[in-house]
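Overview (structure and organization)
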Amino acid sequence: MIPLEHIVVLSVFLLSVGIYGVLTQRNAIRFLISIELILNAANINLIAFNKYLSTPDGLGQVFALLVVGVAAAASVVGLVLIIAIYRLKKSVFTDDFNLLKW
């Protein structure tokens, strides 16, 4: 049995790497991957605390599946937007995304 502290440390590490990626990446695809890391850190916490609290209904696992579904939908929408902008600008760098500026 893995102690809860180790799982929480892993989750905090994934969250830190994800936040660092969101704040520093210029590539839009790396930005989406960083968001996925943040959501995976939340999933690890949900499942770990569900196991630690030993709830019989598995509510943490249900919420984790819900987060996976939302993350998949967000990734699809994000990739569609990136492809559309790439066709227009021929770049996936976020510095080139100035479509809303006058």
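Now for a quick tour of the structure. Numbering of residues starts from 1 in each chain and follows the order in which that chain's sequence is written. Given that this is a predicted model, residues contribute local features only at a pLDDT of at least 70 and side-chain atom pairs are listed and counted only at 80 or more, while totals for whole chains, interfaces and linings are drawn from all residues. Each side-chain value is worked out from all heavy atoms of the structure, with water and hydrogens disregarded.

**Notes on the packing of aromatic side chains**
Pairs were defined over the aromatic rings of Phe, Tyr and Trp, the Trp ring being its six-membered one, requiring ring centres within 6.5 Å. Orientation was assigned from the angle between planes: stacked under 30 degrees, edge-to-face over 60, tilted for the rest. This structure, assessed with the given rule, holds 0 aromatic pairs. Any Lys NZ or Arg CZ that is within 6 Å of a ring centre and within 35 degrees of that ring's normal is treated as a charge sitting over the ring. The side chain of Arg-26 reaches across the aromatic face of Phe-93, ending 5.2 Å from its centre. Sitting over the ring of Tyr-86, Lys-90 keeps its end group 6.0 Å from the ring centre.

**With respect to the side chain of Asn-43**
Comment: elements are numbered from the N terminus, with helices defined as DSSP H or I runs of at least four residues and strands as E runs of at least two. Tracing the backbone through its elements, the reader meets Asn-43 in helix α2 (residues 28–53). The contact criterion used throughout is that any non-hydrogen atoms of two residues lie within 4.5 Å. Setting aside anything within four residues of it in sequence, one finds Asn-43 in contact with Ala-64, Val-67 and Val-68.

**Here's the deal with the environment of Ile-38**
Examined against the element boundaries, Ile-38 turns out to sit in helix α2. Accessible area is worked out with a 1.4 Å probe on protein chains only. A residue is then buried under 20% of its type maximum, exposed over 50%, and partly exposed in between. Judged by its relative accessible area of 24%, Ile-38 falls in the partly exposed class.

**A word on the packing of helix α1 (residues 4–24) against α2**
Axis geometry follows a simple rule: fit a line to the C-alpha atoms, using only the stretch in contact for helices, then measure angles between N-to-C directions, giving values from 0 to 180 degrees. One can describe the packing of α1 onto α2 by two numbers: an axis separation of 8 Å at closest approach and a directional angle of 165°. The angle between the axes of α1 and α2 places the two elements in the roughly antiparallel class. Crossing of α1 over α2 shows left-handed handedness. Of the residues in α2, those in contact with Leu-4, Ile-7, Val-8, Leu-10, Ser-11, Leu-14, Leu-15, Val-17, Gly-18, Ile-19, Gly-21 and Val-22 of α1 are Phe-31, Ser-34, Ile-35, Leu-37, Ile-38, Ala-41, Ile-44, Asn-45, Ala-48, Phe-49 and Tyr-52. Three residue categories are used. Nonpolar comprises Ala, Val, Leu, Ile, Met, Phe, Trp, Tyr, Cys and Pro, charged comprises Asp, Glu, Lys and Arg, and polar comprises the others, including Gly. Here the contact of α1 with α2 is composed, by residue class, of 18 nonpolar, 5 polar and no charged. Angles below 35 degrees are treated as roughly parallel, those above 145 as roughly antiparallel, those between 65 and 115 as roughly perpendicular, and all remaining angles as oblique. Crossing handedness is defined as follows: a turn of the near helix away from the far one that is anticlockwise and smaller than a right angle gives a left-handed crossing, while the clockwise case is right-handed.

**Section: a nonpolar patch on the surface**
On the surface, a cluster of nonpolar side chains totalling about 460 Å² of accessible area is made up of Leu-59, Val-62, Phe-63, Leu-66 and Val-70. By secondary structure assignment, the location of Val-70 is in helix α3 (residues 59–89). Residues form patches when they are more than 30% accessible in relative terms and have no salt bridge. Like charges link within 9 Å. Nonpolar side chains (Val, Leu, Ile, Met, Phe, Trp, Tyr) link within 5 Å. What sets the accessible areas is the Shrake-Rupley method with a 1.4 Å probe; for residues, cover comes only from the shown protein chains. Take a side-chain nitrogen of Lys or Arg and a carboxyl oxygen of Asp or Glu: if they are within 4 Å of each other, that pair is a salt bridge.

**Comments concerning α3**
A helix is expected to span 1.5 Å multiplied by its residue count minus one. Counted at 1.5 Å a residue, the expected span for α3 with its 31 residues is 45 Å, and the 44 Å between its end C-alpha atoms agrees. Among the residues making up α3, those that are buried are Gly-60, Ala-64, Ala-71, Ser-75, Gly-78, Ile-82 and Ile-85. Those residues of α3 hidden inside the fold are in contact with α2. Looking one or two places after α3, you find Lys-90, whose phi comes out positive at around 60°.

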